[in-house]
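# Structural characterization, general
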Amino acid sequence: MIPELIAAGHEVTGLARSDTAASALSALGAKVCRGDLEDLDGLKEAAADSDGVIHVAHRQDLLPFGGIDAVAAAELPIMLAYGEALAETGKPLVAAGSIGSPGNLGRPATEEDPALPSGDEYKGTLRVRNVVETAAVGLAERGVRSSVVRIANIAHSTTDWTCPP
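Everything numeric here is computed off the predicted structure, so don't read it as measured data.

Glancing now at the overall build of the chain. Scanning the chain from terminus to terminus reveals five helices and five strands. Each helix and strand of the chain, placed in order from N terminus to C terminus, yields the pattern α-β-α-β-α-β-α-β-α-β. With 165 residues in all, the chain has 32% of them scored as buried. By sequence separation, contacts in the chain at least 24 residues apart represent 59% of the contacts at least 6 residues apart. Here the chain has roughly 9600 Å² of accessible surface; of this, 56% comes from carbon and sulfur atoms.

Mapped onto the elements, Ser-26 comes out in helix α2 (residues 19–27). Separated by 13 residues in the primary sequence, Ser-26 and Thr-13 place their C-alpha atoms 9.4 Å from one another.

Compared with the 34 Å implied by 1.5 Å per residue over 24 residues, the 29 Å span of helix α4 (residues 63–86) between its first and last C-alpha is markedly short. At Asp-69, α4 shows its largest kink, close to 70°. Taken from the residues just after α4, Glu-88 is the one with a positive phi, measuring 60°.

Looking now at a negative patch on the surface. A cluster of acidic side chains, namely Asp-36, Asp-39, Glu-45 and Asp-49, defines a negative patch on the protein surface. Considering the arrangement of structural elements, one finds Asp-39 in the loop between β2 (31–34) and α3 (40–48).

Moving on: the pairing of strand β4 (residues 92–97). Pairing analysis gives three bridges linking strand β3 (residues 53–55) to β4, with the strands arranged parallel. Directly across from Ile-54, in β4, lies its bridge partner Val-94. The parallel pair β3 and β4 is bridged by α4, and the resulting crossover is right-handed. As defined by bridge partners, β4 adjoins strand β5 (residues 145–150) across six bridges and the pair is classed as parallel. Pairing of Pro-92 across the sheet is with Arg-145, part of β5.

Analysis parameters
Residues numbered from 1 in each chain as written. Predicted model: local features only at pLDDT ≥ 70, side-chain atom pairs only at ≥ 80, totals over all residues. Heavy atoms only, no water. Helix = DSSP H or I, 4+ residues; strand = E, 2+ residues; numbered from the N terminus. Buried < 20%, exposed > 50% of the residue type's maximum accessible area, 1.4 Å probe, protein only. Contact = heavy atoms within 4.5 Å. Areas by Shrake-Rupley, 256 points an atom, 1.4 Å probe, with all protein chains shown as cover. Expected span 1.5 Å × (residues − 1). Bend = angle between axes of the 7 residues up to and from the residue. Patch = residues over 30% accessible without salt bridge, like charges linked within 9 Å, V, L, I, M, F, W, Y side chains within 5 Å. Salt bridge = Lys/Arg side-chain N within 4 Å of Asp/Glu carboxyl O. Lys, Arg positive; Asp, Glu negative; His and termini not counted. Charge placed at Lys NZ, Arg CZ, Asp CG, Glu CD. Pairing = 2+ DSSP bridges. Right-handed = clockwise from strand over helix to strand, strands pointing away.

Structural data, given as structure tokens:
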């Protein structure tokens, strides 16, 4: 995605949590912003200084300890921080959704399908991430040009539908 954005004339800045990530971003032609997903003030500052945000990261380090529930819980404040920084600007926020967002519809999901509600009954499944997708889309009410891109099913297998804690 970075080479395509640069080829289209965009200046790209990527969040790098490690030296390896910083080197990879630089090699692709992107500027590097050192930081991590836990630094909400840093994320807000970077978002405010940008022309838009594409958020595709998540806290994989939480999977072994709290499963997808912990990942979703950590991602929600990130979305809200971006919303605070981008409110009333009309700047775009693109967030990665989950293959579990539309649920099992018995047909291919489309961009017209809303995220299904999430709640305690969906703990331990990808559907718990719908709270993040719903929050991102809801930022439109605050003047953020928000959208969600759902990861294609081909990126995962059917065994991903339930994530162990």
